[in-house]
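A closer look at the structure
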Amino acid sequence: MRQMRKVRRKYFCLFESKIEDELIFVHFEDLDGYIHYEYCNDGTKQVYRMTERQMYNEYKRLEL
């Protein structure tokens, strides 16, 4: 059973690492300020968390 989460902001977009050759899919930002994302090349679809500041320091949004 999935737990309902309150969302501050929805992203649903790709971000590219500024340092490495890596893509992440960012889902949303929760009320605690954490960004929920997953690695695009990860077959397990595990969701990770990081802060918004960390995301914008290490990644840039892909414009398609």
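In this report, the structure presented in the accompanying data block is examined.

Rules used throughout
Residues numbered from 1 in each chain as written. Predicted model: local features only at pLDDT ≥ 70, side-chain atom pairs only at ≥ 80, totals over all residues. Heavy atoms only, no water. Phe/Tyr/Trp six-rings, centres within 6.5 Å; stacked < 30°, edge-to-face > 60°. Buried < 20%, exposed > 50% of the residue type's maximum accessible area, 1.4 Å probe, protein only. Helix = DSSP H or I, 4+ residues; strand = E, 2+ residues; numbered from the N terminus. Core = buried A, V, L, I, M, F, W, Y, C linked by side-chain atoms within 4.5 Å. Contact = heavy atoms within 4.5 Å.

Moving on: the packing of aromatic side chains. All told, the structure shown has 6 aromatic pairs when counted by the stated rule. Both rings, one in Y11 and one in F15, keep their centres 6.2 Å apart while their planes meet at 70°; by these two values the pair is edge-to-face. Assigned by exposure class, Y11 and F15 land together as buried. Relative to Y56, the ring of F15 has its centre 6.1 Å away and its plane inclined at 70°; by these criteria the two rings are edge-to-face. With F15 in strand β1 (residues 7-17) and Y56 in helix α1 (residues 52-58), the pair connects residues that are 41 residues apart, well separated along the chain. Looking at F15, the relative accessible area reads 0%, which means it is buried.

As a further point, take the nonpolar core. Of all hydrophobic cores here, the largest spans 10 residues; its members are Y11, C13, F15, I24, V26, I35, Y37, M50, M55 and Y59. With 3 residues, β1 is the single largest residue contributor to this core. Contacts of M55, omitting those with residues within four sequence positions, involve Y11, F15, V26, I35 and M50.

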